[in-house]
Every structure is written in C-alpha cells, then in structure tokens.
Amino acid sequence: DETTNIPITSDACDEPGTSLSVKTDDGTIYLTAGSELTIVKPNGEVITRDLSAGMSAWDDFAQVLYAAREGEADVNALDSNGDLVWTYTTEGTVTAIAELGALSAAAVMVETSNGAGTLLIIDGESGRLRSSTSTPTAAQGLVASGNGAVLGMITSGQVHFYDLVE
C-alpha cells in the first residue's frame with residue numbers, strides 16, 4: 001500500500017462545498033475544493049486544474065466529471081484528465097448535481113429567480129439537455145440509484161423521489 005498526500009491550499013479549506021468523486025474502474029480520485037480540481041491517478045500522479053466548483057460527480061458511463069459551483073449557472077463536464085468536454089449554462093443557479101449511472105447523464109437542480117426549482121437532465125456525452133421538470137422548490141441535494149432510474153431530491157426536512165425511466 002502506498003500513501004499519497006494531496007496538496008490543497010488553505011483557501012480551499014475555507015471555501016464551502018468540497019466534493020470527492022471516484023472513477024470506479026481504475027480508482028482515480030477527483031477532489032473539487034475552492035477554485036481547484038485535484039486528480040489523483042492510481043499510479044500516484046497528481047494533476048491540479050483551476051476549476052471553480054464546489055460540487056462534482058464522476059459518471060462511469062459517460063466517462064466525464066460533472067462539476068458546478070453552487071450559486072452559479074454553469075455545469076461543466078471534464079474528461080479523466082480534467083480537460084473541458086462541454087459546458088451547459090442553466091437559466092438559474094445550480095444547487096445540486098448527481099450522476100445518473102447507466103443513463104449516462106447528469107441530474108442538475110437549479111433554483112430559478114422566483115425561488116422554485118428546475119430539475120435538468122443533461123446528456124453526459126454531448127452536454128445536450130434531455131429533459132427539464134419544474135419543482136416547487138430547489139433541492140439542496142440529489143442522490144441517484146445505481147442505474148439512474150430513481151432520483152432522490154433532498155430539501156429541508158423532506159426527500160422527494162422521481163422515476164427517471166426514459
């Protein structure tokens with residue numbers, strides 16, 4: 001067993017929204033903290049990229065990392081080395097993000113200007129919007145089943161479940 005220390009700036013530790021994702025086929029670790037993305041490859045190689053994102057989710061099917069910063073409009077998809085694949089600009093501010101397993105897509109919760117929510121399903125490979133659903137409020141968290149067919153939306157004190165079968 002080897003240990004790899006990941007250098008993270010002290011500013012990153014002070015920033016809200018640190019996220020850790022793992023690429024399950026090879027164990028690559030993706031850490032978004034502050035304005036940095038740190039990638040730790042299985043061989044110990046560490047790659048650091050400038051990336052303003054406090055939330056991220058690795059999609060094993062689309063082979064991209066979805067990344068967004070709470071309160072901003074853009075959702076980015078990055079390849080396994082942290083290079084930009086696509087950007088989708090929402091019509092609100094992102095509050096949560098999740099990967100949808102075998103659906104090869106990102107679930108993105110957006111808060112609209114009137115305080116309501118919109119659930120976006122964005123294709124993982126193309127960055128194209130697959131669907132959009134209005135919700136009474138924006139969720140603070142999203143959790144998907146392994147196959148992506150069921151999505152849990154976490155709001156203050158409640159969890160709502162959505163069937164995402166296409």
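If you're wondering where the values come from, they're calculated on a predicted model, not measured in any experiment. (Residues numbered from 1 in each chain as written. Predicted model: local features only at pLDDT ≥ 70, side-chain atom pairs only at ≥ 80, totals over all residues. Heavy atoms only, no water.)

The strand order across the open sheet formed by four strands is 1-2-3-4, and the pairing between neighbours is antiparallel. The sheet is open, and its two edges are formed by strand 1 (19–23) and strand 4 (46–50), each paired on a single side. On average, adjacent strands in this sheet sit at an angle of 15° to one another, irrespective of strand direction. Direction of pairing for strand 1 relative to strand 2 (residues 28–33): antiparallel, over a ladder of five bridges. Along strand 2, the bridge assignment pairs Leu20 with Leu31. (Pairing = 2+ DSSP bridges. Helix = DSSP H or I, 4+ residues; strand = E, 2+ residues; numbered from the N terminus. Axes fitted to C-alpha atoms, helices over the stretch in contact; angles between N-to-C directions.)

Moving on, we get to the pattern of salt bridges. Overall, the coordinates contain three salt bridges when judged by the stated rule. For Asp26, the salt bridge is made with Lys23, and the minimal N-O distance between the two is 3.8 Å. In this structure, the salt-bridge partner of Asp123 is Arg130, at a minimum N-O distance of 2.6 Å. The exposure class assigned to Asp123 is buried, which follows from its relative accessible area of 11%. The exposure class of Arg130 is partly exposed, given its relative accessible area of 26%. (Salt bridge = Lys/Arg side-chain N within 4 Å of Asp/Glu carboxyl O. Buried < 20%, exposed > 50% of the residue type's maximum accessible area, 1.4 Å probe, protein only.)

Counted under the stated rule, the structure contains two aromatic pairs. On the numbers, 4.9 Å between centres and 5° between planes, the contact of Tyr30 with Trp58 is stacked. Linking Tyr30 in strand 2 with Trp58 in strand 5 (residues 55–59), this pair joins segments that are 28 residues apart in sequence. No difference in accessibility class separates Tyr30 from Trp58, as the two residues are buried. With centroids separated by 6.2 Å and ring planes inclined at 45°, the aromatic side chains of Tyr66 and Trp86 adopt a geometry described as tilted. Here Tyr66, found in strand 6 (residues 64–68), pairs with Trp86, found in strand 8 (residues 84–89); they are 20 residues apart in sequence, far enough to count as distant. The class for Tyr66 is buried, based on a relative accessible area of 0%. (Phe/Tyr/Trp six-rings, centres within 6.5 Å; stacked < 30°, edge-to-face > 60°.)

This part is about the pairing of strand 15 (residues 158–163). Here strand 14 (residues 150–155) runs beside strand 15; their pairing, made up of six bridges, is antiparallel. Following the sheet pairing, Ile154 is matched in strand 15 by Val159. Between strand 14 and the antiparallel strand that follows it, strand 15, lie two residues; Gly157 among them carries a positive phi value of about 85°.

A word on the confidence of the model for the protein chain. Residues with a pLDDT of 70 or more make up 89% of the protein chain, whose mean pLDDT is 86. Averaged over each element, pLDDT in the protein chain is lowest for helix 1 (residues 10–14) (56) and highest for strand 8 (97). (pLDDT = per-residue confidence, 0-100.)

Reading across the sheet, the three strands line up as 13-14-15 and stay open at both edges, with antiparallel pairing between neighbours. This sheet does not close on itself; its edge strands, each paired only once, are strand 13 (141–144) and strand 15. Shown here is a sheet whose adjacent strand axes are inclined to one another by a mean of 20°, direction ignored.

Once that is clear, we can look at a nonpolar patch on the surface. On the surface, Val143, Val150, Ile154, Val159 and Phe161 cluster together into a nonpolar patch covering about 450 Å² of accessible area. Relative to the elements of secondary structure, Val143 occurs in strand 13. (Patch = residues over 30% accessible without salt bridge, like charges linked within 9 Å, V, L, I, M, F, W, Y side chains within 5 Å. Areas by Shrake-Rupley, 256 points an atom, 1.4 Å probe, with all protein chains shown as cover.)

The biggest cluster of nonpolar side chains holds 16 residues, and the ones touching the most others in it are Tyr66, Val75, Trp86, Ile97 and Val108. Contributing elements (two or more residues each) for this core: strand 6, strand 7 (74–78), strand 8, strand 9 (93–99), strand 10 (105–111) and strand 11 (117–123). If we skip the residues at most four places from it in the chain, Ile97 touches Met55, Ser56, Tyr66, Ala67, Ala68, Val75, Ala107, Val108 and Leu142. One finds Ala98, Leu103, Ala105 and Ala138 within the second-largest nonpolar core, a separate group that totals 15 residues. (Core = buried A, V, L, I, M, F, W, Y, C linked by side-chain atoms within 4.5 Å. Contact = heavy atoms within 4.5 Å.)

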